[in-house]
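Here is how the chains run, residue by residue.
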Amino acid sequence: MSQQFNRTGTAALLTLAGLAAGAHAGGAIADGDAVLIFQGIPPFSITAGDSTLFTDATFIDEAYKYSWHYRTAGNNTNRLFSGLDTPTEHYFKNTATFVWTNAGPGPEGQERFDATLVVRLFDGPSPHMVRVEHTLEFRSHSNTTQTFQVFNLVDMDIEASPSNDSVLIADAGRVLARQRDTGTNAISEIVGTGAARYEVGSGSTLRNKLNSGAANLSNAAGPAGGDVGAAFQWTLTLAPGEARVIRGGFTINMPGPCPADFNHDGFVNGDDFDLFASAFEGGATAADFNLDGFVNGDDCDAFASYFEEGC
Ligand SMILES: [Ca+2]
Ligand SMILES: [Ca+2]
Ligand SMILES: [Ca+2]
Ligand SMILES: [Ca+2]
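Thresholds applied
Residues numbered from 1 in each chain as written. Chains lettered and ligands numbered in written order. Predicted model: local features only at pLDDT ≥ 70, side-chain atom pairs only at ≥ 80, totals over all residues. Pairing = 2+ DSSP bridges. Helix = DSSP H or I, 4+ residues; strand = E, 2+ residues; numbered from the N terminus. Axes fitted to C-alpha atoms, helices over the stretch in contact; angles between N-to-C directions. Domains from an automatic or database assignment. Nonpolar A, V, L, I, M, F, W, Y, C, P; charged D, E, K, R; others polar. Contact = placed C-beta atoms within 7 Å.

Caption draft 1: Molecular detail of the sheet that holds strand 17 (residues 243-252). If you walk across this open sheet you meet the 9 strands as 6-7-8-9-17-13-12-11-15, and the pairing is antiparallel. The sheet terminates laterally at strand 6 (88-92) and strand 15 (224-226), the two strands that pair on one side only. For this sheet the average axis-to-axis angle between neighbouring strands, irrespective of direction, equals 15°. Inspection of the sheet shows strand 6 paired to strand 7 (residues 95-103) by 5 bridges, in the antiparallel sense.

See the structure below:
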């Protein structure tokens, strides 16, 4: 696996993390000297901590949990994405791709979905900076219109000290949570673009809520202190075969991910517009902003709507 990564130090990081070739684990992605590790067989099946994030070759793990959960109307139980189904996994350089096919509870044709999660890691311009961006394409694989609840939980332990963090919703419009280490003021920004509901607070409360039961997120905006995290909830009512794309991610010591930041540098400016326009005019796959397999005016509209808002 290590030959896929672009720095020799990564091999040492992965070995230390128990992820040398043949080790029993999910997988890892790397960029520069940053590494993000997905634990679990299959990934997204662990109810407790399942994520490791190194911003640098310092071996300080600042991520505790990164997971996706869902609830369907009839089954009415919050579940981990891989609680019933095993995705295909692919890890290459800075990108991890997970594909669930015909997933969900109950009989085929009822309350089922297909999902493709793409997670990208970008090392920051200075030490102790990193950005993780994700897109989840969620498609109904049901015979009738269904409403799905989709959840993303991110529980960071900034500076590897879980008990001294503080978190609040810093921007409700962007659905952006900001978590801070009260010792060093290092921050993480965690974004759930377009989420209908959110909740920040105790990491154990959040994961207990999303691993079972049928609760919705409370819209608690904090501030809350201790071993905290952030969670987001999207409500998707989908006709058979209809899909939505969910965007977001998290950072350490960098601005939270923004869909209009086309070159992933942490800023939304003319460079992003020019790059998108160039990709669009050339019909490049990168311009397929809504991930429907086509490059057309819908992509232009979707990109422009984020760009014009400043994010
Ligand atoms: Ca935490
Ligand atoms: Ca901390
Ligand atoms: Ca940019
Ligand atoms: Ca498209």
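Having seen the structure, we can now continue with the description.
Caption draft 2: Region of the structure containing the domain arrangement of the protein. As assigned here, the protein comprises domain 1 (66-257) and domain 2 (259-311). The C-alpha centroid of domain 2 is placed 23 Å from the C-alpha centroid of domain 1. Those elements that provide at least two residues to the side of domain 1 that touches domain 2 are strand 9 (130-140) and strand 17. At 4 residues, strand 9 tops the list of elements feeding residues into the side of domain 1 that touches domain 2. Here the residues of the side of domain 1 that touches domain 2 are counted per class, giving 5 nonpolar, 2 polar and 5 charged.

Caption draft 3: Molecular detail of the sheet that holds strand 4 (residues 63-72). Spatially, 5-4-10-16-14 is the arrangement adopted by the 5 strands of the open sheet, whose pairing is antiparallel. The outermost strands of the open sheet, each flanked by one partner alone, are strand 5 (79-80) and strand 14 (197-202). As paired elements, strand 10 (residues 146-156) and strand 16 (residues 228-238) share 9 bridges and run antiparallel to each other. Bridge pairing in strand 16 links Asn152 to Phe232. Together, strand 4, strand 5, strand 10, strand 14 and strand 16 form the strand contacts of helix 2 (residues 203-211), whose direction differs from that of strand 14 by roughly 135°.

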